Amino acid sequence: MLKNLNYISLDLETTGLDIKKDEPIQIGIVKFDNNFNILEKYKSYIKPQSNSLDLKNIVKFVTNINVNDLQDAPYIQDILKQISKYFDKNTVIIGHNIMFDINILSKYMDLSFVKTLDTFHLSHSIFHFLPSYSLEIISEILKKEYNIIIDGDYHDALTDSLASYNIFKFFVERFGNLSNKFPILKNCILRSESIYNQIFDIKDDYYVDKSNYFLPGLKKEVAVNSKIINKGPDNTISKSKDGDKFYVGDESFKKVLYDIATTNKKGIICFQNPSKLKIAKTLLSNLGVKNIGYLGNNSIFDKENTNLFLGKDNFNFFEINFLIKYFSQYDKGHGFLDLSLANDFKISNFLQKGIDKKLSDIVLANHYNLFEFIKNKNISDYKIYFFDRDTWYNSLSKYLNKPFDLYFVIYKLEFFIYKYEIKGLDIYELNKFYTKFIIFTGILFKEITKQFIGISKDIVEIDYIKGNIDFYLSNKLFNSLREDLLVISEKLENEDRDCIVDFFDDMDDIFNNICLIKKMMYDENKFYFTFYRTNNLINYQEFMDFFDKNEVVFFSNNTKEGFYSIGGDKSYSNIKLSKQNDKNKIIDNISKHNNIFILCVNKNKSKELFEYLLNNNYNLNYELLFENITGGVGKNIYYSQIKNKKIVVGGFEFLLNLMSSKISFDHIYVYYAPGAFEKQIIKDIHWYTGIL
């Protein structure tokens, strides 16, 4: 199925993740033909120009490469002649997050002529709803489910190159099966200038009639109004009135959910964060509640827009990936689409049918989604059950004072351009507006940067950007954009016009008032800015007014005063939990447990603990899983599920995420949590996770 090209999989291990500063310390290459016959393997340690004695602990931990391995290794310049034979104009380089490796290697040799394929993106197309798409997680799934095994340790450059080779081979086989079942895939690739058209050997005369330009519907959901659980006897919750507040005490979370589910009233159950919502979904499913709904969930595609999309003259790499993902999920019988990448959302938003989807009888939401939904929709027939009542003010204040991000406006403009281009509409003026807005954002950020000179904080307060001489160019451009908005408004659909006008009204409001500007880092020396209002303070009555069309009932597991009590104060939880602020005492107790979680919300303290455990060889007996140190949340969750002995360290959100994935611990140590927050954390751990 592949064209006869020069295929190699490539991986580098490096001294860090900074492309400018860091250097390669190991390289692995696997050369193979279009039938996946491996022709050559190459591996070498590389001595960095900087002092290899300064190799970071985390690098040694992840890669198993130590100073002795690098002491007599060649410098990168010494192996360039050996590896240059693998790269020519017919080379296709395959790897996981391959552009990082290409950018590192390009500091030493010209690779501008090669073609690349990222197995990270390929994996998203054929593996669905995974906690992580890291190379090792995908490889573990290939081993477990398809018996595709590689020898060696992950983060060895040659082993990782073989892992990328395996993923690519599996992808090509999977694509072959899907394209035979759904011929439109091959047809779209023939109309593509992406890498797929360059590597797949598809006959030029392959034809699909336009009447077959459609996407089959994903598996039908259970009927919206199905709620298998029967109505129960009247209880305190079923008799509750608008504004009632309940202290749950030792009443179990499961019992409270049961009482809500057995009322005759339709209900929206909302929580502060997604992990609590996930725990509630698990418990409701166990109770027999089917087809639990979510606010804003719509997987119905518009037929006209689908025809327009599939009838495009040219498809880019991400559009082909989206189609492969869609057909893969349809083939596996999935009920809704796994939108895991930014481009997935852009394409899906274009395809979605602009209709109001009927909500299920029981709907789950986090606080933010509830506020956003209720602002635009009438759902007066639903009773709202507001959990985490103690955070009501914080939740709504955060919503009303949510940051204004210029990059979100840019994303919206890019989406409108994408949509109108597919529809064949004139986008000339919209493109001009988009370009000017990009320039405006750059100039505004440049003028804001001056406000941070000599300031160590990442937030500054600005008195009125509008009319401020320090923002002269920004104001001039903003006024010009306001005038241009009148021109492009005539070319936008009503809903899109209203969206952009609302954005500019928000900017007007922010620029004409005192605002907070926060510096947001996205790389070591790169940052952008977000804006916050300072005038959206609310009181409790204003909070209730926000829900003037709904009955709202509150639940707290912490506050008693002024609340009806539906439970006592005895602890029913089976979780073993200790408050322990002394790191040494925690370490002394580690050997008593197989699986422990150490709750720490301070990054420096977590790093200090990681360094200690690593230097004292705890990694020989335990899997060390540290939030934001040994990997992202998804990767750490995956290894928490499969490792028998582990020490896991992270914050409260991370712990809830683990618990919602049904990962249990022998003991939880609350090591560092600030002030009153500690008490709420302990209450939440017992109440939300004690019965899982």
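Scope of this entry: the structure provided in the associated data block. As a convention, each chain's residues are numbered from 1 in the sequence order in which they are written. Two thresholds apply to this predicted model, a pLDDT of at least 70 for residue-level local features and 80 or more for giving and counting side-chain atom pairs, whereas whole-chain, interface and lining totals are computed over all residues. Side-chain figures throughout are based on the complete set of non-hydrogen atoms in the structure, without hydrogens or water.

**Re the overall build of the protein**
Moving on, step 1. For the purposes of this entry, the term helix denotes a DSSP run of H or I that reaches at least four residues, the term strand denotes a run of E that reaches at least two, and both are numbered from the N terminus. If you tally the helices and strands in the protein, you get 26 helices and 20 strands.
Moving on, step 2. Only C-alpha atoms enter the radius of gyration; for comparison, a globular chain is expected to reach 2.2 Å times N to the power 0.38, where N is the number of residues. Rg of the C-alpha trace for the protein: 28 Å, near the compact-globule value of 26 Å for 692 residues, within the 12% margin.
Moving on, step 3. Structurally, the protein occupies a C-alpha span of about 75 × 70 × 60 Å along its principal axes.
Moving on, step 4. Put simply, the protein has 692 residues, and 53% of those count as buried.
Moving on, step 5. By sequence separation, contacts in the protein at least 24 residues apart represent 75% of the contacts at least 6 residues apart.
Moving on, step 6. Computed with a 1.4 Å probe, the accessible areas rest on the Shrake-Rupley method; for each residue, only the protein chains presented here act as cover. Within the structure as shown, the protein displays about 32,800 Å² of accessible surface, and the carbon and sulfur contribution to it stands at 48%. Each residue gets one of three labels from its accessible area relative to the maximum for its type: buried under 20%, exposed over 50%, partly exposed in between, using a 1.4 Å probe on protein chains only. Here a residue-residue contact requires only that any non-hydrogen atoms of the pair lie within 4.5 Å.

**Focus: the pairing of strand β9 (residues 362-366)**
Moving on, step 1. Counting buried positions over the 5 residues of β9 gives 5, a clear majority of the element.
Moving on, step 2. The side-chain alternation of β9 yields two buried faces, one formed by I362, L364 and N366 and the other by V363 and A365.
Moving on, step 3. At least two DSSP bridges between two strands are needed for those strands to be called paired. Relative to β9, strand β7 (residues 266-271) is paired through 5 bridges, and the arrangement is parallel. For I269, the partnering residue across the bridge sits in β9 and is L364.
Moving on, step 4. The pairing of strand β8 (residues 293-294) with β9 spans 2 bridges and is classified as parallel. Looking across to β9, one finds that Y294 is bridged to L364.

**A word on the pattern of salt bridges**
Moving on, step 1. Take a side-chain nitrogen of Lys or Arg and a carboxyl oxygen of Asp or Glu: if they are within 4 Å of each other, that pair is a salt bridge. Applying the stated criterion across every chain, the model contains 26 salt bridges.
Moving on, step 2. The partner of K181 in a salt bridge is D331, and the shortest N-O contact between them spans 2.8 Å. Of this pair, K181 sits in helix α7 (residues 157-181) while D331 sits in helix α13 (residues 317-331); the two residues are 150 residues apart in sequence, bridging distant segments of the chain.
Moving on, step 3. A salt bridge links E551 to K383, with the nearest nitrogen and oxygen atoms 4.0 Å apart. Here E551, found in strand β14 (residues 551-556), pairs with K383, found in strand β10 (residues 382-386); they are 168 residues apart in sequence, far enough to count as distant.
Moving on, step 4. Connected through shared salt-bridge partners, K419, K423, E493 and D496 make up one network.

**Section: the sheet that holds strand β19 (residues 646-650)**
The strands that make up a sheet pair up through hydrogen bonds in the backbone, lying either parallel or antiparallel.
Moving on, step 1. Taken in spatial order, the 5 strands of this open sheet run β16-β20-β17-β19-β18, and their pairing is parallel. Of all the strands in the sheet, just β16 (577-579) and β18 (623-626) have a single pairing partner and so form its edges. Along the sheet, successive strands turn relative to each other by an average axial angle of 15°, direction set aside.
Moving on, step 2. Of the pairings in the sheet, the one linking strand β17 (residues 595-600) to strand β20 (residues 667-672) comprises 5 bridges and is parallel in character. In the sheet register, F597 faces β20, and the bridge partner there is I668.
Moving on, step 3. The axes are straight lines fitted to the C-alpha atoms, using for helices just the contacting stretch, and the angles between their N-to-C directions are given from 0 to 180°. Running over the sheet, helix α23 (residues 603-615) touches β17, β18, β19 and β20 and is turned about 165° from β18.

**Comments concerning unusual backbone geometry**
Moving on, step 1. Positive phi values are uncommon outside glycine, yet F129 reaches one of about 60°.
Moving on, step 2. For F129, the position within the fold is in the loop between α5 (119-126) and α6 (135-146).
Moving on, step 3. By relative accessible area, F129 is classed as partly exposed at 40%.
Moving on, step 4. One non-glycine residue, Y464, adopts positive backbone phi at about 60°.
Moving on, step 5. Along the chain, the position of Y464 falls in the loop between β11 (459-462) and α19 (472-489).
Moving on, step 6. Exposure remark for Y464: the relative accessible area of 42% places this residue in the partly exposed category.

**Things to note about the nonpolar core**
Within soluble globular proteins, side chains that are nonpolar generally end up buried alongside one another.
Moving on, step 1. Definition of nonpolar core: a set of buried residues of the types Ala, Val, Leu, Ile, Met, Phe, Trp, Tyr and Cys, connected through side-chain atoms within 4.5 Å. The biggest cluster of nonpolar side chains holds 150 residues, and the ones touching the most others in it are F168, F387 and F531.
Moving on, step 2. Here this core takes 11 residues from α7, the largest share from any one element.
Moving on, step 3. If we ignore the near neighbours within four places in the chain, the residues touching F168 are L2, Y7, F32, F36, I94, L117, T119, L122 and I199.
Moving on, step 4. Core analysis: the next-biggest nonpolar cluster, separate from the first, contains 22 residues, F373, F386, F543 and M544 among them.

**Some points on the packing of α19 against helix α20 (residues 494-511)**
The angle between the axes and the distance between the axes are what describe a pair of packed helices.
Moving on, step 1. One way to put it is that α19 packs onto α20 with a least axis distance of 11 Å and a crossing angle of 160°. As the angle between them shows, α19 and α20 are arranged roughly antiparallel. The handedness of the crossing between α19 and α20 is left-handed. On the side of α19, the interface is formed by F478, L481, R482, L485 and S489, while α20 contributes R497, I500, V501, F504, D505, M507, D508 and F511. Between 65 and 115 degrees an angle is taken as roughly perpendicular, under 35 as roughly parallel, over 145 as roughly antiparallel, and anywhere else as oblique. Left-handed describes a crossing in which the near helix is turned anticlockwise from the far one by less than a right angle; the clockwise case is right-handed.

**Considerations on the side chain of N557**
Moving on, step 1. Along the polypeptide, N557 turns up in the loop between β14 and β15 (564-565).
Moving on, step 2. With a relative accessible area of 8%, N557 lands in the buried category.
Moving on, step 3. At a separation of 3.1 Å, a polar atom in the side chain of N557 contacts the side chain of Q680.
Moving on, step 4. Residues adjacent in sequence count toward polar contacts only when both atoms are side-chain atoms; beyond that, a polar contact is any pair of N or O atoms within 3.5 Å, and within protein one must be able to donate a hydrogen and the other to accept it. Of note is the side chain of N557, whose polar atom sits 2.9 Å from the side chain of D684.

**Observations regarding helix α18 (residues 428-451)**
Moving on, step 1. One fewer than the residue count of a helix, multiplied by 1.5 Å, yields its expected span. The terminal C-alpha atoms of α18 lie 36 Å apart, and with 24 residues this matches the ideal 34 Å at 1.5 Å per residue to within 8%.
Moving on, step 2. Buried within α18 are the following residues: L430, F433, Y434, F437, F440, T441, L444, F445, E447 and I448.

**Things to note about the pairing of β18**
Moving on, step 1. Judged from the 4 bridges that link them, β18 and β19 form a sheet pairing that is parallel. The residue of β19 that forms the bridge with L625 is V648.
Moving on, step 2. As for the winding sense of the linkage, the β-α-β connection from β18 through helix α24 (residues 633-642) to β19 is right-handed. Think of it like this: strands point away, you trace from the first strand over the helix to the second, and a clockwise trace means the crossover is right-handed.

**Points about the side chain of R174**
Moving on, step 1. Take R174: it is sitting in helix α7.
Moving on, step 2. Accessibility expressed as a relative area gives 12% for R174, which makes it buried.
Moving on, step 3. Sequence-distant contacts of R174, defined by excluding residues within four places in its chain, comprise I126, S328, D331 and K332.

**Details of the sheet that holds strand β3 (residues 38-45)**
Moving on, step 1. What the 5 strands build is an open sheet, ordered β3-β2-β1-β4-β5; its pairing is mixed. If you trace the sheet from one side to the other, it starts and ends with β3 and β5 (115-118), each paired once. For this sheet, the mean inter-axis angle between neighbouring strands, taken without regard to orientation, is 20°.
Moving on, step 2. Sheet topology note: the strand β1 (residues 6-14)/strand β4 (residues 91-95) ladder contains 4 bridges and is parallel. Directly across from S9, in β4, lies its bridge partner I94.

**Some remarks on the packing of aromatic side chains**
Aromatic ring pairs are reported here in terms of the distance separating the ring centres and the angle at which the planes meet.
Moving on, step 1. Pairing of aromatic rings covers Phe, Tyr and Trp, the last through its six-membered ring, and needs centres within 6.5 Å; plane angles under 30 degrees mean stacked, over 60 mean edge-to-face, and all others mean tilted. For the structure on display, the rule yields 67 aromatic pairs.
Moving on, step 2. With 5.9 Å between their ring centres and 65° between their planes, F36 and Y165 make a pair best called edge-to-face. Residue F36 is found in the loop between β2 (24-32) and β3, and its partner Y165 is found in helix α7; the two are separated by 129 residues along the sequence. The exposure classification of F36 matches that of Y165, with both residues buried.
Moving on, step 3. Seen in terms of ring centroids, F527 and F529 are 5.6 Å apart; in terms of plane orientation they differ by 70°. Their pairing is edge-to-face.
Moving on, step 4. Assessed through its relative accessible area of 1%, F529 is described here as buried.
Moving on, step 5. In this structure an aromatic cluster arises from ring pairing among F246, F253, F271, Y385, F387, F555, Y564, W687 and Y688.
Moving on, step 6. By definition, being over a ring means that NZ of Lys or CZ of Arg is both within 6 Å of the ring centre and within 35 degrees of the ring normal. Cation over ring: K645 sits above Y622, and NZ or CZ is 4.7 Å from the ring centre.

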